[in-house]
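Reading the structure
Single-letter residue listing:
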Amino acid sequence: MRILWFVNIPFPVVIKKIGLNLVCRGGWLTALAESISLHSHNVLGIVWASDDIDVLTKIERGDRIYYILPSRNAYRKSVPSAFESELKMSLEIINEFQPDIINVHGTENFYGLIANRTSVPVLITLQGIVNEIKNHYFGSMSLIDILKAPSIIKDYVRFLKRCSIEKEIFSRNKYFTGRTLCDESYVRSQRIDAEYYVLTELLRNEFDRKNWELKKVKRHTIYSTLTVRTYKGLDIIIQALGIVKNFFPDIVMRVSCELPDGGYGKYLSSLINTEKISNSIIFLGTLTAAEVVDELLKANVYVMPSFIENSPNNLLEALTVGVPCVASFTGGVQSMVHDEQNALLFPRGDFRVMALQIVRILMDDDLAIRLSEHAKKTSRLDHCPEKNVSKLIEIYNDVINKESQRHAHTCS
């Protein structure tokens, strides 16, 4: 089968080719690509749009072909007509590669607009849904805090430009795959005739078969894998940490991001000073997968604080390794976590309940071990790599067959 992907993140080969100073994110996509290439002699093409190049660039590596598509408009324009040049180049790629199916990963970029421009079946894999994120974009920031940081307002306005593009993508496409009830409910609200397939996430290889053990952790250490966005809940962690410190003065919070510059950074710094936790929080910067594993194995508790998430990979990785987790009850988390069984939940944005749940784990080793064992068991059962890839190929074949039947019926 010839499979063409459109993706939001550059693969390592592409990063090296362009000379970008980036750590490859979305490692689960890299792992999935490797597995697909090994499955039944598939040929995989991968397209990524970049403003770092001026001409369409092709890189061939064995049975995998990468296309870097030049785009000045990605994430900057809000009308489909602004992407005419990108869509024409996408059609050139499709005509050259001759895919049996196109899989667009995510609705955040313009890629899904290709659906009504080609006869090749298109499947949309849902990631973050920007029209849901916009409703929680500012997290717990008050209006006064927002007005003090005009750069955040500018970022929000830029973010909103993605929303109309995403709505158009939902209107043009019929086939979707997702992982949570949140995914499916949004698809159904946008298109009643949509074909929706459930496909669990593929774990990065580094996280499979790694086992958290209480006797090996650094006591009173909390860890979280975060990107610095206003809706990711870093401010909630800071406020919760101020409470946890009253119980455990030696508490340490380790976060895999950097304290940002600008208005949001000033807001967070002010919170850190207010809570008097400057010596209790460590910003680690961007970590590799191996470094994240090391942090998970040493952590006493993992925290997922976001105001909105679809199916957070960072939480899945922590659950699979077996770190006792405290997570925000939001979005698709309810499809991943059973409260008091494989993790502890708190209401979105409620730093007081978050703090209590952290303290419960730190005070109760039996609870920590029970959560860990249940988390490892359920996550590894649901996210088996072999099962995941076989299911995806099955979905591809089903979409191809349905589109073939539809075209045959139309022609007759």
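This structure is a prediction, so every number in the text was calculated from the model and none was measured.

The next subject is the sheet that holds strand E14 (residues 344-347). Ordered in space as E11-E10-E9-E12-E13-E14, the 6 strands form an open sheet in which the pairing is parallel. Two strands in the sheet have a free side with no partner beyond their single neighbour: strand E11 (281-283) and E14. Put simply, the sheet's adjacent strands are angled 25 degrees from each other on average, direction ignored. With 4 bridges joining them, strand E13 (residues 325-329) and E14 adopt parallel strand pairing. The partner of Ser328 across the bridge, within E14, is Phe346. Docked against the sheet, helix H11 (residues 313-321) engages strand E12 (301-304) and E13, running at close to 160 degrees with respect to E12.

Take empty space enclosed by the protein next. The full count for this structure, using the stated rule, is 3 cavities of 30 Å³ or more. Roughly 90 Å³ of volume is contained in the largest cavity. The wall of the largest cavity is formed by 14 residues, among which Trp28, Leu32, Thr125, Leu199 and Glu201 lie closest to the centre. Those elements that place two or more of their residues in the lining of the largest cavity are helix H2 (27-38), strand E5 (101-105), strand E7 (175-178) and helix H14 (385-411). Considering only residue class, the lining of the largest cavity consists of 5 nonpolar, 7 polar and 2 charged.

So, on to the packing of helix H8 (residues 234-247) against helix H9 (residues 262-275). Taken N-terminus to C-terminus, the directions of H8 and H9 make an angle of 10 degrees; their axes are 9 Å apart at the nearest point. Viewed along their axes, H8 and H9 adopt a mutual orientation that is roughly parallel. Counting all contacts with H8, which are made through Leu234, Asp235, Ile238, Gln239 and Gly242, the residues of H9 involved are Tyr264, Tyr267, Leu268, Leu271, Ile272 and Glu275. For the contact of H8 with H9, the class distribution of residues is 7 nonpolar, 2 polar and 2 charged.

Okay, a nonpolar patch on the surface next. On the surface, Leu143, Leu147, Ile153 and Val157 cluster together to form a nonpolar patch covering roughly 370 Å² of accessible area. Elements represented by at least two residues in the nonpolar patch include exactly helix H5 (143-147) and helix H6 (150-172). Tracing the chain through its elements places Leu143 in helix H5.

Once that is clear, we can look at the sheet that holds E7. With mixed pairing, 8 strands are arranged side by side in an open sheet as E3-E4-E2-E1-E5-E6-E7-E8. Strands with a single pairing partner mark the edges of an open sheet, and in this sheet they are strand E3 (57-61) and strand E8 (195-198). When the angles between neighbouring strand axes are averaged without regard to direction, this sheet yields 20 degrees. Running at roughly 175 degrees to E8, helix H7 (residues 181-190) makes contact with E7 and E8 of the sheet.

The next subject is the nonpolar core. In this structure, Leu296, Leu315, Val326, Met354 and Ile358 are the most contacted members of the largest nonpolar core, which totals 76 residues. Setting aside residues no more than four positions away along its own chain, Leu296 makes contact with Phe207, Trp212, Tyr223, Tyr302, Glu317, Ala318, Val321 and Val323. Residues Phe11, Val47, Leu113 and Ile124 belong to the second largest nonpolar core, which totals 65 residues.

All right, on to the pairing of E5 then. With respect to burial, E5 is a largely interior element, 5 of its 5 residues being buried. A two-sided burial pattern is seen for E5, the buried positions comprising Ile101, Asn103 and His105 on one face and Ile102 and Val104 on the other. Two strands pair when backbone bridges link them, and E5 and strand E6 (residues 122-125) are joined in this way by 4 bridges, in the parallel orientation. Counterpart to Ile102 in the pairing with E6 is Val122.

Assignment of secondary structure puts His105 in strand E5. With a relative accessible area of 1%, His105 lands in the buried category. Remark: the alpha-carbon pair of His105 and Ile124, spanning 19 residues in sequence, is separated by 6.1 Å. With residues near it in sequence (within four places) discarded, His105 still touches Trp5, Phe6, Val7, Asn8, Trp28, Leu29, Thr125 and Gln127.

When you line up the elements, Gln357 lands in helix H12 (residues 351-363). Beyond its immediate chain neighbours, meaning those up to four positions away, Gln357 contacts Val326, Asp339, Glu340, Leu344 and Leu345.

Here we take up the packing of aromatic side chains. Scanning the entire structure with this criterion turns up 14 aromatic pairs. With a centroid separation of 4.7 Å and an interplanar angle of 50 degrees, the aromatic rings of Phe138 and Tyr156 are classed as tilted. With a gap of 18 residues between them, Phe138 in the loop between helix H4 (130-133) and H5 and Tyr156 in helix H6 connect regions that are remote in the sequence. The rings of Tyr137, Phe138, Tyr156, Phe159 and Tyr231 are connected pair by pair, giving a single aromatic cluster. Between Arg2 and the ring centre of Phe97, over which it is positioned, the NZ or CZ distance is 4.3 Å.

Further remarks concern the pattern of salt bridges. For the coordinates displayed, the defined rule picks out 18 salt bridges. Here Glu84 makes a salt bridge to Arg117, at a shortest N to O gap of 2.8 Å. Separated by 33 residues along the polypeptide, Glu84 in helix H3 (residues 84-97) and Arg117 in the loop between E5 and E6 bring together distant segments of the chain. With a closest N to O distance of 3.2 Å, Asp398 and Lys402 form a salt bridge. Taken as a pair, Asp398 and Lys402 lie in helix H14 at a separation of 4 residues, close to a single helical turn. Overall, Asp398 belongs to the partly exposed group, its relative accessible area being 28%. The network of salt bridges with shared partners includes Lys58, Glu60 and Glu96.

Reading the values: rules and limits
Residues numbered from 1 in each chain as written. Predicted model: local features only at pLDDT ≥ 70, side-chain atom pairs only at ≥ 80, totals over all residues. Heavy atoms only, no water. Pairing = 2+ DSSP bridges. Helix = DSSP H or I, 4+ residues; strand = E, 2+ residues; numbered from the N terminus. Axes fitted to C-alpha atoms, helices over the stretch in contact; angles between N-to-C directions. Contact = heavy atoms within 4.5 Å. 1 Å grid on protein atoms, 1.4 Å probe; cavity = no way out; pocket = protein on both sides within 12 Å on 5 of 7 lines; lining within 4 Å. Points joined across faces, edges and corners; volume = space filled by probe spheres on them. Nonpolar A, V, L, I, M, F, W, Y, C, P; charged D, E, K, R; others polar. Parallel < 35°, antiparallel > 145°, perpendicular 65-115°, else oblique. Patch = residues over 30% accessible without salt bridge, like charges linked within 9 Å, V, L, I, M, F, W, Y side chains within 5 Å. Areas by Shrake-Rupley, 256 points an atom, 1.4 Å probe, with all protein chains shown as cover. Salt bridge = Lys/Arg side-chain N within 4 Å of Asp/Glu carboxyl O. Core = buried A, V, L, I, M, F, W, Y, C linked by side-chain atoms within 4.5 Å. Buried < 20%, exposed > 50% of the residue type's maximum accessible area, 1.4 Å probe, protein only. Phe/Tyr/Trp six-rings, centres within 6.5 Å; stacked < 30°, edge-to-face > 60°. Lys NZ or Arg CZ within 6 Å of the ring centre and 35° of its normal.

Note that all results are geometric; they support no functional claim without further evidence.
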